[in-house]
Amino acid sequence: MAAIVVKLDPDMIVPGLMIALIAGALPTDQPTPPVGEPSVARRSPGRPVSTADLNQQLLALHNRPRDEVGVPPLSWSPALAAQAQVWAETLIAGRRFEHDGARGLVGENLWAGWGRRFSPEEMVEAWTEERSAYVHGVYPHVRRPGDATVVGHYTQMIWRNTTEVGCAVAERDDRQVLVCRYSPPGNVRGEMAY
């Protein structure tokens, strides 16, 4: 599977724009090195939230749609969160939006927003809203016929064999990036999400 590269000119972005990318597992010999978590993340101007609180919010937002389809809840992985933080900071620093081709055998959802501060709920809801186009079937044939809506973020979130998630948010100026990593990865061709 080739990585998708999206190059965006920040001057051409509509205020309040959100975009997302999904990828399944990619083999690699170079795992992303983990780093320590920052002690504070920001979810809106002037309102710091502890990393532990943000982690709990992101985990709960992932487990709601899993509960709706009857699959076991995910557990939080500090190792995946540390890897996600490295990649989120890389994307912010480089003004890029692409999947990490060296992430190893983990799934990855990406989200980015410009123009204002987005809450964790808004970020993850961009992925869960894809359920409106989802049809239960064998992956990748899991979207309503004729519907161009991407459903891979949603299916990764509800994938029955995925047991762990770790996420990180990075911010710079008016841009935010959310990276979530999943193990084992979902969106496996020929299998059903649940």
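Residues numbered from 1 in each chain as written. Predicted model: local features only at pLDDT ≥ 70, side-chain atom pairs only at ≥ 80, totals over all residues. Heavy atoms only, no water.

**Q** What's the story with the overall build of the protein in this structure? I'm lost.
**A** Each helix and strand in the protein was counted, giving four helices and nine strands. Residue pairs in contact within the protein that sit at least 24 positions apart in sequence constitute 72% of those at least 6 positions apart. As presented, the protein carries roughly 9200 Å² of accessible surface, and 55% of it is formed by carbon and sulfur atoms. (Helix = DSSP H or I, 4+ residues; strand = E, 2+ residues; numbered from the N terminus. Contact = heavy atoms within 4.5 Å. Areas by Shrake-Rupley, 256 points an atom, 1.4 Å probe, with all protein chains shown as cover.)

**Q** When you look at helix α2 (residues 78-94) in this model, what are you seeing that I'm missing?
**A** A turn of α-helix holds 3.6 residues, and therefore any two residues three or four places apart point the same way. The terminal C-alpha atoms of α2, which comprises 17 residues, lie 24 Å apart, in line with the 24 Å expected from a rise of 1.5 Å per residue. Considered for burial, the residues of α2 that qualify are Leu 80, Ala 81, Ala 82, Gln 83, Ala 84, Gln 85, Val 86, Trp 87, Ala 88, Leu 91 and Ile 92. Where α2 is buried, its residues meet β5 (75-76), β6 (97-98), β7 (107-114), β8 (164-172) and β9 (175-183). The positive-phi residue at the C-terminal boundary of α2 is Arg 95, with phi of around 50°. (Expected span 1.5 Å × (residues − 1). Buried < 20%, exposed > 50% of the residue type's maximum accessible area, 1.4 Å probe, protein only.)

**Q** Whenever I open this one, the state of the cysteines confuses me. Can you help?
**A** The term disulfide refers to a covalent linkage connecting the sulfur atoms of a pair of cysteines. Taken as a whole, this structure holds one disulfide when the rule is applied. In this model Cys 167 forms its disulfide with Cys 180; the gap between the sulfur atoms is 2.2 Å. Around the S-S axis, the bridge from Cys 167 to Cys 180 shows a dihedral of about 110° and counts as right-handed. Highlighted residues: Cys 167 in strand β8 and Cys 180 in strand β9, separated in sequence by 13 residues. (Disulfide = S-S within 2.5 Å.)

**Q** What is the right way to read the pattern of salt bridges from this model?
**A** On inspection of all chains with the given rule, the structure shows nine salt bridges. A salt bridge links Arg 103 to Glu 108, with the nearest nitrogen and oxygen atoms 3.9 Å apart. Here Arg 116 makes a salt bridge to Glu 122, at a shortest N to O gap of 2.9 Å. Residues participating in the shared-partner salt-bridge network are Asp 100, Arg 103, Glu 108 and Arg 181. (Salt bridge = Lys/Arg side-chain N within 4 Å of Asp/Glu carboxyl O.)

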